[in-house]
Amino acid sequence: MHSKILVSACLMGFKVRYNGSEKAALQHILARWQQEQRLVIHCPELAAGLSIPRAAAEIRDGNGHDVMRDAARIVEDNGEDVTAHYQLAAWLALKTALTEDCCAALLTDGSPTCGNQVIYDGTFNGVQQPGMGVAAALLEANGIRVFSHQQIPQLVTFIEERERIDDPMQARL
Ligand code: SF4
């Protein structure tokens, strides 16, 4: 059976910066996976009822793990505390991933929800710092491997190795 992957909805417009030929190759892989019905396209923030457009939000004094254990907050650039909305977004991403039996997630980096390697530092000055957003943190904590949009080659390797283990015949091809 094909492995399924939760994908940030905003990635599927391919507004993702890759370099040269790699871009075409990776887009081809995503298109093939979509054709094979492996992709579960999801936007946690929209699922949680946040509007379009919406104010920019950043995690203050922590990361997604901290927010999920109520040790840090998410605020909008107007100062409004929207932590509960983003916690709900994370839980809905996990629910979708588990319901759809996803083994991995491919998420947009930098977001307070989907960020995997980096998030903004809570000052709204455009400064990034290492860390995960709330959905990425909750997915990882529940055994779903998370990859950022900069890590599609690593995701491809992860899926190929997983399917080789599941289907030893494939390893001999
Ligand atoms: Fe939605 Fe933001 Fe995640 Fe894109 S990065 S899927 S807009 S929550």
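All values derive from a computational prediction rather than experimental measurement.

Parameters at a glance
- Residues numbered from 1 in each chain as written.
- Predicted model: local features only at pLDDT ≥ 70, side-chain atom pairs only at ≥ 80, totals over all residues.
- Heavy atoms only, no water.
- Helix = DSSP H or I, 4+ residues; strand = E, 2+ residues; numbered from the N terminus.
- Buried < 20%, exposed > 50% of the residue type's maximum accessible area, 1.4 Å probe, protein only.
- Contact = heavy atoms within 4.5 Å.
- Areas by Shrake-Rupley, 256 points an atom, 1.4 Å probe, with all protein chains shown as cover.
- Near = heavy atom within 4 Å.
- 1 Å grid on protein atoms, 1.4 Å probe; cavity = no way out; pocket = protein on both sides within 12 Å on 5 of 7 lines; lining within 4 Å.
- Sits in = over half its atoms within 2 Å of the grid points.
- Nonpolar A, V, L, I, M, F, W, Y, C, P; charged D, E, K, R; others polar.
- Polar contact = N/O pair within 3.5 Å; in protein donor to acceptor, adjacent residues only side chain to side chain.
- Pairing = 2+ DSSP bridges.
- Axes fitted to C-alpha atoms, helices over the stretch in contact; angles between N-to-C directions.
- Salt bridge = Lys/Arg side-chain N within 4 Å of Asp/Glu carboxyl O.

A. How the structure looks around the overall build of the protein. In terms of helices and strands, the protein carries seven helices and eight strands. Taking all 173 residues of the protein together, the buried fraction comes to 46%. Within the protein, residue pairs in contact and separated by at least 24 positions form 63% of the contacts whose partners lie at least 6 positions apart. Put simply, the protein shows about 9,100 Å² of open surface, and 50% of that area lies on carbon and sulfur atoms.

B. Highlighting the site of the ligand. For the ligand, the full set of nearby residues is Ser 8, Ala 9, Cys 10, His 42, Cys 43, Pro 44, Glu 45, Arg 54, Thr 108, Ser 111 and Cys 114. Its atoms largely coinciding with the cavity grid, the ligand occupies the largest pocket. When the residues that make up the shell around the ligand are grouped by side-chain class, the tally is five nonpolar, four polar and two charged.

C. Examining the side chain of Thr 113 more closely. Of note, Thr 113 is situated in the loop between strand 5 (102-107) and strand 6 (118-120). A relative accessible area of 1% means that Thr 113 is categorised as buried. A distance of 2.7 Å separates the side chain of Thr 113 from the side chain of Glu 45, its partner in a polar contact. Dropping the residues within four chain positions of it, Thr 113 is found in contact with Pro 44, Glu 45, Tyr 86, Ala 89, Gly 133, Val 134, Ala 135 and Ala 136.

D. Layout of the environment of Thr 96. Mapped onto the fold, Thr 96 is located in helix 4 (residues 83-99). Between the C-alpha atoms of Thr 96 and Pro 44, which are 52 residues apart in sequence, the distance is 9.3 Å.

E. Seen up close, the sheet that holds strand 2 (residues 39-42). Across the sheet, which stays open at both edges, the four strands sit in the order 2-1-5-8 with parallel pairing between neighbours. With one partner strand each, in any of the chains shown, strand 2 and strand 8 (145-148) form the two edges of the open sheet. The mean angle between the axes of side-by-side strands here comes to 25 degrees, regardless of whether they run parallel or antiparallel. Examined bridge by bridge, strand 1 (residues 4-8) and strand 5 share four bridges and lie parallel to one another. Counted as the bridge partner of Lys 4 is Cys 102 from strand 5. Across the sheet, helix 4 touches strand 1, strand 2 and strand 5, and the angle it forms with strand 2 is around 160 degrees. Along the sheet face, helix 6 (residues 152-166) touches strand 1, strand 5 and strand 8 and points at about 170 degrees away from the line of strand 5.

F. Spotlight on the side chain of Asp 109. With respect to the element layout, Asp 109 can be found in the loop between strand 5 and strand 6. Assessed through its relative accessible area of 14%, Asp 109 is described here as buried. Asp 109 has contacts with Gly 115, Asn 116, Gln 117, Val 118, Ser 148 and His 149, leaving out every residue within four places of it along the chain.

G. Structural context of the pattern of salt bridges. For the coordinates displayed, the defined rule picks out eight salt bridges. The closest approach of N and O atoms between Asp 66 and Arg 69, which form a salt bridge, is 2.7 Å. Looking at Arg 69, the relative accessible area reads 58%, which means it is exposed. One salt bridge in this structure joins Arg 73 and Asp 81, with 3.0 Å as the shortest N-O distance. Through salt bridges with shared partners, a single ionic network connects Arg 32, Glu 36, Arg 38 and Glu 163.

H. Quick peek at unusual backbone geometry. Look at the link from Ile 52 to Pro 53: it is a cis peptide, with omega at -10 degrees. In this structure, Pro 53 sits in the loop between helix 2 (44-47) and strand 3 (57-60). Within the chain, Asp 61 stands out as a residue other than glycine whose phi angle is a positive 60 degrees. With respect to the helices, strands and loops of the structure, Asp 61 is situated in the loop between strand 3 and helix 3 (64-68). One non-glycine residue with positive phi stands out, namely Phe 124, at about 60 degrees. By relative accessible area, which is 25% here, Phe 124 ends up partly exposed.

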